[in-house]
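# An overview of the molecular structure
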Amino acid sequence: MTLEKKRILIAKPGLDGHDVGAKVIALALRDAGAEVIYTGLRRSPEQIVRIAVDEDVDMLGLSILSGSHKELAASVIERLRIEDAADIKVFVGGTIPEEDFETLRAAGVRGIYTSEMTIESVIAEIDSQLS
Amino acid sequence: MSDAPPLDRRRISRALTRVANAPVAEVLAAIGDSKVQPAFRIGITGPPGGGKSSLINALVQERLSPGTLDTLAVLAIDPSSPVSGGAILGDRIRMDAIADLPGLYLRSLSSRGARNGLCDNVVDLLTLLEVQGFDEIILETVGVGQSEVAVHEVVDTLVVIVPPDAGDSVQTMKSGILEMADIIVVTKADMPGARRMASDLSAVLNERSGRSVPVLQTQADGRGVADLDRAIDAHRNSIVENRTEETTRESRRRYHLRALADRQVEEALRANPEITEGTLKASYDRLLATLRA
Ligand SMILES: Nc1nc2c(ncn2[C@@H]2O[C@H](COP(=O)(O)OP(=O)(O)OP(=O)(O)O)[C@@H](O)[C@H]2O)c(=O)[nH]1
Ligand SMILES: [Mg+2]
């Protein structure tokens, strides 16, 4: 139970309505001992950041399939900074082409988890980010 | 809404995390005997999936409407997994309509193994919110069965929700939690059976107990919720008249002490596994000695 008492927000920004992947990650994190807050679909970056701050999460996962991952991630990270919450680590999951990894990392994204990765390796990476 | 300063969300949420994770000694130091203005506390309890979060979503819109309160905090508890200790905290999903209200602070909590529908440090967290100056607090319990009545000890007004599909009304009436209710709400009033459930509950409860408990019907879209809002205020006024501050303080203090003692025992057992060895009497003496040390 390495993620015991860790609080993690799984958020779905943007317009796509598919949240199976987000739910799979949420359950796997719970099974690793984390307290997972789930936002539901279609939240704006403002809303996501307010939730992250209110819930005092250690980590914020953005599940994005719509293709606008670069804009959404940058906007969330920028707002976290404004709210004095830049210590909340951001990761991105979904369909992310490899050529965008660099840009996302430069914007401050700490982890990029695509559907090619196993759930176990995703959880292990999140765990190492948080310990 | 007045021109109250905006909530310092970052500071409030950090303080809650600190208290939620601290050992008892630290909690006592943190919330100690700070003389705080108690906030009016509303509890919402009822079976899993009964419509508690959806009701809070509609109720908060009433309670925070212009010209009423400035600030309101919601604590929403969901169950932890008995296997991993982790939790999915999903009450928020139903609270879309209130998510952007400036006067609202909403925090999801895991029950962290507690089996009474609360989490074992809920009183510490409620107290901390009072220290932060919230005008009112709404507490959503875990979806509970018939016997999780602890919430009654920590709130001023207890709303018990009953969905129309909760079985027949006789089954509902066995539930100990109904006897604790200050207000009963039949949720999902758009579903068949709601009116019947409400009239049965109202007839039987008010016939028998001699005290009159309002039985209302609500819907997630807000229908009926203005009535609930008024019933809550009426109950609030009646306790101001009938219950002395001393009585409330006394019963809350007892509950808080029991909760702290429980946690202290838990901490002692975890830190000293040898306590449980030997006879029951020897174990018990060792436990007491550890607590005294
Ligand atoms: N038809 C109908 N469905 C409702 C109503 N209110 C809630 N529901 C549905 O009931 C389900 C549970 O609603 P919630 O508000 O999450 O119930 P809850 O009591 O908070 O659930 P837990 O916190 O999981 O115990 C959801 O699918 C809601 O959409 C209503 O007024 N009418
Ligand atoms: Mg709920």
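Residue numbers here run from 1 along each chain, matching the order of that chain's written sequence. All chains are assigned letters beginning with A, and all ligands numbers beginning with 1, in the order in which they are written. Local features in a predicted model are, by the rule used here, given only for residues with pLDDT of at least 70; side-chain atom pairs are given and counted only at 80 or more, and totals for whole chains, interfaces and linings are based on all residues. To get the side-chain values, all heavy atoms of the structure are used, and hydrogens and water are removed first.

Basically, it comes down to this: UniProt positions are given in the numbering used here, feature names are shortened, and annotations may be inferred rather than shown by experiment.
Labelled according to an unreviewed UniProt entry, chain A appears under the name Cobalamin B12-binding domain-containing protein, originating from Pontivivens nitratireducens. Quoted straight from UniProt, the Cofactor (unreviewed entry) entry for chain A says "adenosylcob(III)alamin".

## Re the coordination of the magnesium ion (ligand 2)
For a metal with four tetrahedral donors the ideal donor-metal-donor angle is 109.5 degrees, while six octahedral donors give ideal angles of 90 or 180 degrees. Residue and element names in this part refer to chain B. Quick note on the threshold: Sites may look incomplete because water is not among the atoms; the donors themselves are N, O and S atoms within 2.8 Å of the metal, or within 3.2 Å for Na, K and Ca. Strands are runs of DSSP state E lasting at least 2 residues, helices are runs of H or I lasting at least 4, and numbering of each runs from the N terminus. When a residue's accessible area, from a 1.4 Å probe over protein chains only, is under 20% of the maximum for its type it is buried; when over 50% it is exposed; and in between it is partly exposed.
Surrounding the magnesium ion (ligand 2) are the protein donor atoms Ser53 (OG), Asp91 (OD) and Glu140 (OE), which sit 2.1 Å from the metal. Between the donor residues of the magnesium ion (ligand 2), the gaps in sequence give the motif S-x37-D-x48-E. Linking Ser53 in helix α3 (residues 52–63) with Asp91 in the loop between β3 (87–89) and β4 (104–110), this pair joins segments that are 38 residues apart in sequence. Exposure remark for Ser53: the relative accessible area of 6% places this residue in the buried category. Taking the relative accessible area as the measure of exposure, Asp91 reaches 7% and is therefore buried.

## Some points on the sheet that holds strand β7 (residues 183–186) of chain B
Residues and elements named next belong to chain B. Just so we agree on the cut-off: Pairing between two strands is assigned when DSSP locates at least 2 bridges connecting them. Between the N-to-C directions of two axes lies an angle of 0 to 180 degrees, each axis being a line fitted to C-alpha atoms and, for a helix, fitted only over the stretch in contact. Only heavy atoms matter for contacts: two residues are in contact if any of them lie within 4.5 Å across the pair.
In spatial order, the strands read β4-β2-β5-β1-β6-β7-β8; together these seven strands make up an open sheet with parallel pairing. Two strands lie at the open edges of the sheet, namely β4 and β8 (215–217), each paired on one side alone. Averaged over all neighbouring strand pairs, the angle between strand axes comes to 20 degrees, with direction disregarded. In the sheet, strand β1 (residues 40–45) pairs with strand β5 (residues 136–140) via five bridges, with the strands oriented parallel. By the bridge assignment for β5, Ile44 is matched with Glu140. In the packing of α3 onto the sheet, the strands contacted are β1, β2 (72–78), β4, β5, β6 (157–162) and β7, and the crossing angle to β5 comes to about 170 degrees. Here helix α4 (residues 122–131) sits on the sheet in contact with β1, β2, β4 and β5, set at roughly 165 degrees to β2.

## Considerations on the domain arrangement of chain B
Interface extent is often summarised as the accessible area lost during association of the parts. Residues and elements named next belong to chain B. What counts, and what does not: Residue ranges assigned to each domain were obtained from an automatic or database domain assignment. Buried area adds together the accessible area that both of two parts lose upon being put together, with accessible area traced by a 1.4 Å probe. Should a side-chain nitrogen of Lys or Arg be within 4 Å of a carboxyl oxygen of Asp or Glu, the pair is scored as a salt bridge.
Domain annotation for chain B reports domain 1 (9–242) and domain 2 (245–293). Relative placement of domain 1 and domain 2: their C-alpha centres are 28 Å apart. The interface of domain 1 with domain 2 comprises 20 residues on the first partner and twelve residues on the second. Between domain 1 and domain 2, a total of about 1300 Å² is buried, with carbon and sulfur atoms accounting for 50% of that surface. Between Arg263 and Asp124 there is a salt bridge whose closest N-O contact spans 2.7 Å.

## Structural notes on the UniProt feature "domain: B12-binding" (unreviewed entry) in chain A
The residues that UniProt annotates with the feature "domain: B12-binding" (unreviewed entry) are residues 5–131 of chain A. Along residues 5–131 of chain A one finds 43% helix and 20% strand; the C-alpha atoms at either end are 12 Å apart.

## Focus: the site of ligand 1
Residues and elements named next belong to chain B. This is how it is decided: Residue proximity to a molecule or strand is established when one non-hydrogen atom of the residue lies within 4 Å of it. Here a polar contact is taken to be a pair of N or O atoms separated by no more than 3.5 Å, where protein atoms must pair a possible hydrogen donor with a possible acceptor and residues adjacent in sequence count only if both atoms sit in side chains. Note on areas: Shrake-Rupley with a 1.4 Å probe; residue coverage comes only from the protein chains shown. Lys, Arg, Asp and Glu make up the charged group, whereas Ala, Val, Leu, Ile, Met, Phe, Trp, Tyr, Cys and Pro make up the nonpolar group; the residues left over, Gly among them, are polar.
Around ligand 1, 18 residues are found, and the nearest of them are Lys52, Ser53, Ser54, Asp190 and Ala220. Contact between ligand 1 and Gly49: an oxygen atom at 3.0 Å from a main-chain N or O atom of the residue. One nitrogen or oxygen atom from the main chain of Gly50 is found 3.1 Å from an oxygen atom belonging to ligand 1. When ligand 1 sits alone it has 650 Å² of accessible area, and the protein chains cover 71% of it. Take the shell around ligand 1: its biggest share by element is three residues, from α3. For the shell around ligand 1, the per-class residue count stands at four nonpolar, seven polar and seven charged.

## Regarding the sheet that holds strand β2 (residues 35–38) of chain A
In spatial order, the strands read β5(A)-β4(A)-β3(A)-β1(A)-β2(A)-β3(B); together these six strands make up an open sheet with parallel pairing. Each having just a single partner strand, β5 (111–114) of chain A together with β3 of chain B make up the two edges of the open sheet. Going across the sheet, the axis of each strand differs from the next one's by a mean of 20 degrees, ignoring polarity. With four bridges connecting them, strand β1 (residues 7–11) of chain A and β2 of chain A associate as parallel partners. Bridge pairing links Ile8 of chain A to Val36 of chain A in β2 of chain A. Helix α3 (residues 69–82) of chain A rests against β3 (59–64) and β4 (89–94) of chain A of the sheet, and its axis sits at about 160 degrees to β3 of chain A. Most of the contacts of helix α5 (residues 119–130) of chain A go to β5 of chain A, to which it runs at about 170 degrees, and overall it touches β1, β3, β4 and β5 of chain A.

## Some points on the pairing of β5 of chain A
Short version of the rule: Seen with its strands pointing away from the viewer, a crossover is right-handed if its path from the first strand over the helix to the second goes clockwise.
Of the two faces of β5 of chain A, the one lined by Gly111 and Tyr113 of chain A and the one lined by Ile112 and Thr114 of chain A are each fully buried. For the segment spanning β4 of chain A, helix α4 (residues 101–107) of chain A and β5 of chain A, crossover handedness is right-handed.

## Thoughts on unusual backbone geometry
Phi angles above zero are rare outside glycine, and Asp56 of chain A is one such case at about 45 degrees. Mapped onto the elements of the fold, Asp56 of chain A is located in the loop between α2 (45–54) and β3. Accessibility expressed as a relative area gives 8% for Asp56 of chain A, which makes it buried. At Arg112 of chain B, a residue that is not glycine, the phi angle is positive and equals roughly 45 degrees. Its location among the elements puts Arg112 of chain B in the loop between β4 and α4. Arg112 of chain B sits in the partly exposed class, given a relative accessible area of 26%.

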